[in-house]
Amino acid sequence: MNLRLLVAVPLLLAGTSCIAEERPNFILILTDDQGWVQTSTQMDPDDPETKSDYFRTPHMDSLFDSGMTFVRGYSPGTYCLPTRRSIQTSRSTLRHVFNGSPVDEWTAAYRDLVTIPRVLQSVDADYATAHFGKWDHRFDLPDPSTLGYDVSDGATGNGEGNVDAKRRNGRMDKSALNPSDDPKVIFDLTRRAGAFMKEQVEADRPFFLQLSHYAVHLSVFYRQASYDEVLEWEKGEKHFIPSFAAMLKDLDDGVGLLRQHVRDLGIEDNTYIIFMSDNGGRPTQRLEDGEVRERVNFPLSAGKHSVYEGGIRVPFAVVGPGIEAGSVSHTTVSGVDILPTIADIVGADIELGDIDGGSFKDVLYQPSAEVERPRPFLVFHDKDGRPKSKPDRADSETALIQGDFKLIKTWKDGAEHSVELYDIAKDKEEAFDLTRTMPEKTATLSCLLDEYIAEVGGDVTIITD
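Here we summarise the structure given alongside this text. The model shown is predicted, which means the values in this text are computed figures rather than measured ones.

**Focus on the overall build of the protein chain**
Moving on, step 1. Counting secondary structure elements, the protein chain contains twelve helices and 18 strands.
Moving on, step 2. The buried share of the protein chain, reckoned over its 465 residues, is 61%.
Moving on, step 3. Carbon and sulfur atoms make up 49% of the accessible area of the protein chain, which amounts to about 17,700 Å² in all.

Okay, structure coming up:
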């Protein structure tokens, strides 16, 4: 048995509490472009529209049922790159890529920031850390090892799966990559993740594993057997494309296999699994005959590349020691909260710097608890604004969420273009703009956002390719 001492991690055994003496393991499953309603779990218990009417994801459903589902779980960014940097460092997307500093200056500073591996290794040098799959940091291409990871696929980019993964990673076991049975590399990633976990368990080392899937990003690849199966499913009004359903089924099967690895290794009672997507689902989907359908993220508005709910609200769940199975929280959490939460769980005594996230550890055991952040709000930004209803395209858009209220600003030609206010507790579709009926709340949140932008040196007008 591992005898490392740890800060108290609550475990519930036969109705009684005890203190675990083993360092916990952490697994972050990051899916790609998976919308909030692209599972067969009802993400909001009070709203039957918040599940797919076609897709079936029994393994994801089981994961959600085994722990806590967050009704208001958010990705830090509106697309791949910004979210992945924000998760590692707990800094909003306005602090990187989009600010006015030269890219080379910012990325040099980024390499020295406190990251998830550095937090864990500050507590116990035996912590093993790994990243498998899509890294996608772009620009100066920092390798995961630069940020403290022991094992990784290297600086993999914005790939589609099989072919791209093979081309970018010479160390991958190419014998396992057959496009006919693993087109999105779901099962090879899962196999290697299982091997990494097994190695650490046998060496009596705690670990952090981030498994970043290429699915269900862009090009639709799937196993033929999965496609044949989904053809038998009854199509819905919102979701109805068999090829996408087959790709999602492959991803779901991969999640099931990963959890089976955890059970087989006997570490389920000491392992936290965090599940989330890197951004919301695409705002439209193309049918196999070429027709394009909209509102696939309903009841959320818009989708990927937007700070409206469809672009940033994502499936978000945590399973782990002492977390009540089937619990649900309406507390707002984000990927920027993952680093401080892990630091809190392991009792890290390390200065995290000027971060934007806060620990949601207390929420895991008390669903109504709140997250205390350095600033009492979350900020989201998209450099290439795509307002859902504006006929004249804005340069960029920024959102601030505080409590139940969400302010959205768009920017054009270096100036404020529009302001909107929504009560996302009552209006997740963002159909009712409250700026006229709540001018004081609008002004307050607008000032908070402007002050934050000035404080962090964000440039909301810059367009970075």
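**Some details on the side chain of serine 359**
Moving on, step 1. Residue placement: serine 359 occurs in the loop between α10 (338-346) and α11 (361-365).
Moving on, step 2. Here aspartate 344 takes part through its side chain, which lies 2.7 Å from a polar atom of the side chain of serine 359.
Moving on, step 3. There is a polar contact of 3.1 Å between the side chain of serine 359 and the backbone nitrogen of lysine 361.
Moving on, step 4. Setting aside residues up to four positions removed in sequence, serine 359 forms contacts with Pro340, Thr341, Asp344, Val371 and Glu372.

**Some details on the pattern of salt bridges**
Moving on, step 1. Applying the stated criterion to the full structure yields 31 salt bridges.
Moving on, step 2. Lysine 198 serves as the salt-bridge partner of glutamate 202, at 2.5 Å between the closest nitrogen and oxygen. You can see glutamate 202 and its partner lysine 198 sitting in helix α6 (residues 186-202), four residues apart, about one turn around the helix.
Moving on, step 3. Taking relative accessible area as the criterion, glutamate 202 reaches 59% and is therefore assigned exposed.
Moving on, step 4. Counted as one network, the salt bridges with shared partners bring together Arg95, Asp354, Asp356, Arg375 and Glu455.

**Some points on the packing of aromatic side chains**
Aromatic ring pairs are reported here in terms of the distance separating the ring centres and the angle at which the planes meet.
Moving on, step 1. Under the definition given, this model contains 15 aromatic pairs.
Moving on, step 2. Aromatic side chains phenylalanine 70 and phenylalanine 316 sit 5.6 Å apart centroid to centroid with 80° between the ring planes, which places their arrangement in the edge-to-face category. One end of the pair, phenylalanine 70, is in strand β4 (residues 68-70); the other, phenylalanine 316, is in strand β12 (residues 316-319), and 246 residues separate them in sequence. Exposure class is identical for phenylalanine 70 and phenylalanine 316. Each is buried.
Moving on, step 3. Centre to centre, the rings of phenylalanine 132 and phenylalanine 196 are 6.2 Å apart; their planes meet at 75°, and the pair counts as edge-to-face.

**Some remarks on the sheet that holds strand β18 (residues 415-423)**
The pairing of strands in a sheet comes from backbone hydrogen bonds and takes either a parallel or an antiparallel form.
Moving on, step 1. Taken together, the four strands give an open sheet; going across it, the order is β15-β16-β17-β18, and neighbouring strands pair in antiparallel fashion. Bordering the open sheet on either side are β15 (378-382) and β18, each of which pairs with just one other strand. Between one strand axis and the next, the sheet turns through 15° on average, direction left out of account.
Moving on, step 2. When strand β17 (residues 405-412) meets β18, the two strands line up antiparallel, connected through eight bridges. Within the sheet, the bridge partner assigned to phenylalanine 405 lies in β18 and is aspartate 423.
Moving on, step 3. Where helix α12 (residues 439-456) meets the sheet, its contacts fall on β15, β16 (396-402), β17 and β18, and the angle it forms with β17 comes to roughly 60°.

**With respect to unusual backbone geometry**
Moving on, step 1. The omega torsion across alanine 215 and valine 216 is 5°, close enough to zero to call that bond cis.
Moving on, step 2. Assignment of secondary structure puts valine 216 in the loop between β8 (207-212) and α7 (224-230).
Moving on, step 3. Omega for the peptide link from phenylalanine 298 to proline 299 comes to 15°, which places this bond in the cis form.
Moving on, step 4. Following the sequence through the fold, proline 299 ends up in the loop between β11 (292-294) and α9 (309-312).
Moving on, step 5. With a phi angle near 60°, serine 90 is a residue other than glycine that sits in the positive phi range.
Moving on, step 6. Residue position: serine 90 is located in the loop between α2 (80-89) and α3 (103-110).
Moving on, step 7. Positive phi values are uncommon outside glycine, yet histidine 305 reaches one of about 70°.
Moving on, step 8. By the element assignment, histidine 305 lies in the loop between β11 and α9.
Moving on, step 9. The exposure class of histidine 305 is buried, given its relative accessible area of 17%.

**Description of α10**
Moving on, step 1. When you tally the buried positions in α10, you get eight out of nine residues, the bulk of the element.
Moving on, step 2. Listed as buried for α10 are Ile338, Leu339, Pro340, Thr341, Ile342, Ala343, Ile345 and Val346.
Moving on, step 3. Trailing α10 by a residue or two, glycine 347 shows a phi angle of about 70°, which is positive.

**Regarding helix α4 (residues 116-123)**
Moving on, step 1. Among the residues of α4, Ile116, Pro117, Val119 and Leu120 are the ones counted as buried. In a view along the axis of α4, the buried residues occupy a sector of 160°, so they form one face of it.
Moving on, step 2. Residues of α4 that are buried in the fold lie against β3 (25-31), α2, β6 (128-133), β8 and α10.

**Points about the pairing of β3**
Moving on, step 1. Taken across its seven residues, β3 has seven buried, putting it largely inside the fold.
Moving on, step 2. Burial along β3 is two-sided: Asn25, Ile27, Ile29 and Thr31 facing one way and Phe26, Leu28 and Leu30 facing the other are all buried.
Moving on, step 3. By the bridge criterion, seven bridges tie β3 to strand β9 (residues 271-277) in an arrangement that is parallel. From the neighbouring strand, isoleucine 27 faces β9, where its bridge partner is isoleucine 273.

The rules we used
Residues numbered from 1 in each chain as written. Predicted model: local features only at pLDDT ≥ 70, side-chain atom pairs only at ≥ 80, totals over all residues. Heavy atoms only, no water. Helix = DSSP H or I, 4+ residues; strand = E, 2+ residues; numbered from the N terminus. Buried < 20%, exposed > 50% of the residue type's maximum accessible area, 1.4 Å probe, protein only. Areas by Shrake-Rupley, 256 points an atom, 1.4 Å probe, with all protein chains shown as cover. Polar contact = N/O pair within 3.5 Å; in protein donor to acceptor, adjacent residues only side chain to side chain. Contact = heavy atoms within 4.5 Å. Salt bridge = Lys/Arg side-chain N within 4 Å of Asp/Glu carboxyl O. Phe/Tyr/Trp six-rings, centres within 6.5 Å; stacked < 30°, edge-to-face > 60°. Pairing = 2+ DSSP bridges. Axes fitted to C-alpha atoms, helices over the stretch in contact; angles between N-to-C directions. Arc of directions from axis to C-beta.

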